[in-house]
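The residues making up each chain are set out below.
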Amino acid sequence: AQRVTQPEKLLSVFKGAPVELKCNYSYSGSPELFWYVQYSRQRLQLLLRHISRESIKGFTADLNKGETSFHLKKPFAQEEDSAMYYCALGDGSARQLTFGSGTQLTVLP
Amino acid sequence: NAGVMQNPRHLVRRRGQEARLRCSPMKGHSHVYWYRQLPEEGLKFMVYLQKENIIDESGMPKERFSAEFPKEGPSILRIQQVVRGDSAAYFCASSPIGGGAGNEQFFGPGTRLTVL
């Protein structure tokens, strides 16, 4: 069965500090992983996906199959990064997404 | 493009009533997904539909829940004889292509259902 674990419900960092949001997954096949973000009063939107190996808004995430992790990182957090972040796992066709329970990131001034 | 539309945004029902949630996908999208989010939890997949077809309903409760996506009009998630445990946020997403590596799902704002 697919499972996504985000161990931190809440995470606070100061502006300019590095931030890492943890995500671990369990999946027997070849995983497709995503990070979604929900800013206050906005809808859920895709931040980045592992196959693109891209950096969006300064965030990166590397798939580590050995540790079954897909942690989201940013070297210097900004106040506008404050939001709810969800890690999601796609099945082979990426039709069905399995979401973690989310981490609320607060970047303090 | 207005994005994925869901209505109503908030819905209050008494136990035993029916709830109908509507989702209009983005223009040009013919694939719709429904997710449910209980308090303090992540989104849970319920069903995936294409026009006039249910492709994957592995996440749907066996009773009282049904979904459709007719040729014309929005997708409907229908919950009959609601119970308090159905109180949740229901999200709809759409995509132009049904799955495939890196395919993005675009989410609506959700409908918050409260069962009294």
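Residues numbered from 1 in each chain as written. Chains lettered and ligands numbered in written order. Predicted model: local features only at pLDDT ≥ 70, side-chain atom pairs only at ≥ 80, totals over all residues. Heavy atoms only, no water.

Participant: Help me understand the pairing of strand 6 (residues 53–56) of chain B in this model?
Facilitator: Along any regular strand, the residues point their side chains to alternate faces of the sheet. Residue and element names in this part refer to chain B. Judged from the three bridges that link them, strand 5 (residues 43–50) and strand 6 form a sheet pairing that is antiparallel. Note that in strand 6 the partner of Gln 50 across the bridge is Asn 53. The loop that links strand 5 with its antiparallel partner strand 6 comprises two residues; one of these, Glu 52, has a positive phi angle of about 65°. (Pairing = 2+ DSSP bridges. Helix = DSSP H or I, 4+ residues; strand = E, 2+ residues; numbered from the N terminus.)

Participant: Which parts of the structure should I look at to understand the sheet that holds strand 1 (residues 5–7) of chain B?
Facilitator: Two pairing modes exist for strands in a sheet, parallel and antiparallel, and in both the strands are linked by backbone hydrogen bonds. Residue and element names in this part refer to chain B. Sheet architecture is open: four strands sit in the order 1-3-8-7, paired in antiparallel fashion. Edge positions in the open sheet fall to strand 1 and strand 7 (65–68), since each of these has one partner strand only. Across this sheet, the average inter-strand angle for adjacent strands is 15°, counted without regard to direction. In this sheet, strand 8 (residues 75–79) lies alongside strand 3 (residues 19–24) in antiparallel orientation, the contact comprising five bridges. Bridging from a neighbouring strand, Arg 22 pairs with Ile 76 of strand 8. (Axes fitted to C-alpha atoms, helices over the stretch in contact; angles between N-to-C directions.)

Participant: Explanation requested: the environment of Gly 58 of chain A in the structure shown.
Facilitator: All names here are of chain A. Within the secondary structure, Gly 58 is located in the loop between strand 6 (45–49) and strand 7 (60–61). Along the primary structure Gly 58 and Trp 35 are separated by 23 residues, whereas in three dimensions their C-alpha atoms are 13 Å apart. Once residues lying within four places of it in the same chain are set aside, the contact partners of Gly 58 are Lys 73, Lys 74 and Pro 75. (Contact = heavy atoms within 4.5 Å.)

Participant: Sorry, what's going on with the pattern of salt bridges here?
Facilitator: Two side chains with opposite charge may pair up if their charged atoms get near one another. This model, assessed by the stated rule, comprises nine salt bridges over all chains. Connected via shared salt-bridge partners are Glu 20, Lys 22 and Lys 73 of chain A. (Salt bridge = Lys/Arg side-chain N within 4 Å of Asp/Glu carboxyl O.)

Participant: Looking at this structure, how should I read the interface of chain A and chain B?
Facilitator: A common way to express how large an interface is: the accessible area buried when the components associate. Taken together, the contact between chain A and chain B spans 18 residues of the former and 26 residues of the latter. Connecting chain A to chain B are two salt bridges. Of the charged contacts, one joins Glu 104 of chain B and Arg 49 of chain A as a salt bridge, the two residues approaching to 3.3 Å between their closest N and O atoms. Connecting chain A to chain B are nine residue pairs in polar contact (both at pLDDT 80 or more). If you list the elements that add at least two residues to the side of chain A that touches chain B, you get strand 5 (32–38), strand 6 and strand 10 (97–99) of chain A. With three residues, strand 5 of chain A is the single largest residue contributor to the side of chain A that touches chain B. Tallied by class, the residues present in the side of chain A that touches chain B amount to nine nonpolar, four polar and five charged. (Polar contact = N/O pair within 3.5 Å; in protein donor to acceptor, adjacent residues only side chain to side chain. Nonpolar A, V, L, I, M, F, W, Y, C, P; charged D, E, K, R; others polar.)

From the geometry alone we can't say anything about function, so treat these as descriptive.
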